[in-house]
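Now for the letters of each chain:
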Amino acid sequence: MSKTNSGRYFEDFTIGQVIRHATPRTVTQGDVSLYTALYGSRFAVQSSDVFAQDIGYERAPVDDLLVFHIVFGKTVPDISLNAVANLGYAGCRFLAPVFPGDTLVASSEVIGLKENSNGKTGVVYVRSTGFNQEDVCVLDYVRWVMVRKKDPAIATGHDAVPSLPAALAPDSLGDAVPILDVSAFDTDLSGSVHMWDDYQIGEKIDHADGMTVEDAEHQMATRLYQNTAKVHFNHFIESKGRFGCRLIYGGHVMSLARAVSFNGLGNAFHIAAINGGRHVAPLFAGDTVFAWSEVINKAELPGREDVGALRVRLFATKDCPCAAFPTKTEAGYDPAVILDMDLWVLLPRSSSA
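In this text the structure is predicted, and so the values were computed from the model without any measurement.

1. Considering the nonpolar core
If you look at the biggest cluster of nonpolar residues, it comprises 61 residues, and the most contacted ones within it are F68 and L310. Ranked by residues supplied to this core, first place goes to helix α4 (residues 64-79) with eight residues. In this structure L310 touches W196, Y199, L265, V295, N297, K298, L343, W344, V345 and L347, once residues within four positions along its chain are discounted. By size, the runner-up hydrophobic cluster in this structure holds 24 residues, among which are F51, A52, L168 and W344.

2. Quick word on the side chain of S108
One can find S108 in strand β4 (residues 103-115). Looking at S108, its side chain comes within polar contact range of the side chain of S128, at 2.6 Å. Setting aside residues no more than four positions away along its own chain, S108 makes contact with Q17, V18, I19, H21, T75, I79, V126, R127 and S128.

3. Comments concerning the pairing of strand β6 (residues 137-148)
Regular strands show a simple pattern: their side chains alternate between the two faces of the sheet. Within β6, nine of the 12 residues are buried, which leaves the element mostly enclosed by the surrounding structure. For strand β3 (residues 83-94) and β6, the ladder comprises eight bridges, and the chain directions are antiparallel. Paired with Y89 across the strands is R143, a residue of β6. Pairing geometry for strand β5 (residues 121-131) and β6, over 11 bridges, is antiparallel.

4. With respect to unusual backbone geometry
Its identity is not glycine, yet D135 carries a phi of approximately 65°, on the positive side. Within the secondary structure, D135 is located in the loop between β5 and β6. The exposure class assigned to D135 is exposed, which follows from its relative accessible area of 60%. Backbone geometry at A208 places phi at a positive 70°, although glycine is not the residue there. With respect to the helices and strands, A208 occurs in the loop between β8 (204-206) and β9 (211-212).

5. What to know about the pairing of β3
Relative to strand β10 (residues 270-279), β3 runs antiparallel, the two being bridged by five bridges. Across the sheet, residue A90 finds its bridge partner in β10, namely G276.

6. Describing the layout of surface pockets
By volume, the largest pocket amounts to about 480 Å³. What lines the largest pocket is a set of 31 residues, and nearest its centre among them are V84, A85, N86, L247 and H279. Those elements that provide at least two residues to the lining of the largest pocket are α4, β3, β6, α8 (250-260) and β10. Looking at which element gives the most residues to the lining of the largest pocket, the answer is β3, with five residues. Along the lines of polarity and charge, the residues of the lining of the largest pocket split into 20 nonpolar, six polar and five charged.

7. Looking at empty space enclosed by the protein
Enumeration over the complete set of coordinates arrives at two cavities of 30 Å³ or more. What the largest cavity holds in volume is close to 100 Å³. Around the largest cavity sit 14 residues that line it, and V62, D64, A96, P97 and V98 are the ones nearest its centre. Split by residue class, the lining of the largest cavity holds 11 nonpolar, two polar and one charged. Volume-wise, the second largest cavity comes out at about 50 Å³. For the second largest cavity, the full set of lining residues is R258, S261, L265, A268, S293, V312, L314, L343 and V345. For the lining of the second largest cavity, the elements supplying multiple residues, two or more each, are β12 (307-318) and β15 (337-348). Residues belonging to the lining of the second largest cavity are distributed by class as follows: six nonpolar, two polar and one charged.

8. Considering the packing of α4 against α8
Running from amino to carboxyl end, α4 crosses α8 at an angle of 175°, the nearest separation of the two axes being 10 Å. Between α4 and α8, the crossing angle belongs to the class labelled roughly antiparallel. Contacts from L65, F68 and H69 in α4 reach G251, M254, S255 and R258 in α8. Its residues placed into classes, the contact of α4 with α8 shows three nonpolar, three polar and one charged.

9. So, the environment of I19
In this fold, I19 is placed in strand β1 (residues 18-20). Sequence-wise, I19 and E109 are 90 residues apart; in three dimensions their C-alpha atoms are separated by 6.4 Å. What I19 contacts, discounting residues up to four positions off in sequence, is R8, F13, D78, I79, S107 and S108.

10. Let's talk about α4
Its 16 residues give α4 an end-to-end C-alpha distance of 22 Å, which sits within 8% of 22 Å, the value for a rise of 1.5 Å per residue. Most of α4 sits out of view: 15 of its 16 residues are buried. One side-chain oxygen at the N-terminal end of α4 lies 2.9 Å from the backbone nitrogen of L65; it belongs to D63.

Reading guide: rules and limits
- Residues numbered from 1 in each chain as written.
- Predicted model: local features only at pLDDT ≥ 70, side-chain atom pairs only at ≥ 80, totals over all residues.
- Heavy atoms only, no water.
- Core = buried A, V, L, I, M, F, W, Y, C linked by side-chain atoms within 4.5 Å.
- Buried < 20%, exposed > 50% of the residue type's maximum accessible area, 1.4 Å probe, protein only.
- Helix = DSSP H or I, 4+ residues; strand = E, 2+ residues; numbered from the N terminus.
- Contact = heavy atoms within 4.5 Å.
- Polar contact = N/O pair within 3.5 Å; in protein donor to acceptor, adjacent residues only side chain to side chain.
- Pairing = 2+ DSSP bridges.
- 1 Å grid on protein atoms, 1.4 Å probe; cavity = no way out; pocket = protein on both sides within 12 Å on 5 of 7 lines; lining within 4 Å.
- Points joined across faces, edges and corners; volume = space filled by probe spheres on them.
- Nonpolar A, V, L, I, M, F, W, Y, C, P; charged D, E, K, R; others polar.
- Axes fitted to C-alpha atoms, helices over the stretch in contact; angles between N-to-C directions.
- Parallel < 35°, antiparallel > 145°, perpendicular 65-115°, else oblique.
- Expected span 1.5 Å × (residues − 1).

Printed below as a string of structure tokens:
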């Protein structure tokens, strides 16, 4: 019997299957610095211990998407090593802050399986959960991924798609943010004067800036998360595939769009939830990522007067500035759109200052 891991194929999954993922990961300040070097994120709460402590944190928390990527990376060897593409996310909650020195582990439960009509692939739905060293759940989310079949000639009969929420309710957003002293939230240092109260439902924000992706950067980022998916690294294989080159990890696009969104949402320092997300089209080295957001809801949080929640639909595009707000219509997505992500983000409330 081979001692190497060739990854699970679609036939190897069963509904209700629970998988504990290998390699606990202690998050270090080095991880945080490298993440900043890769994306240039400028949110003050995650950038400065002093700023974070002044408003009520014990110190600067780790960027929410870095936590997501580390937990996601744990799942790849067991879930998506033989994936064609990661398709989407739902019901993702960031439930507790993570700090440098915390150790993260992950597990997943298979909650749905659907064989595709071509017989070559199927979609696997999993709920993945990340815990810290004290067994506190810091993150849980559902994702679905298209996985190759081992034997396309044999039908599995799988046709079970789970019911997923369109959006999470504001009262389910978790307690990852301590009670803040908003009077100490220095808007000169945060880089924006716009608080929760200043945004309106229906408002559209062109984040203006763009970032060009290099091969070395996206591969380094994906290795940072210990994500071993073949499509991101093996040019020998991928050069013979349908794209002719390596495919950039979808989470890299998420982090680029999030970093770009600082210009317009500079005080949206915490992602409380990802209601849903879809990787609409692939991204490749040499492409430039732009982003824009639409505020689709606002909510006060139960028992909280210090922060409020904005529900934001964040679009990322490739090689297309977003002044015209490219989006999805009845005819489908604009050809430039590569990411469509529905988020709850938290901002300080100016009425509490």
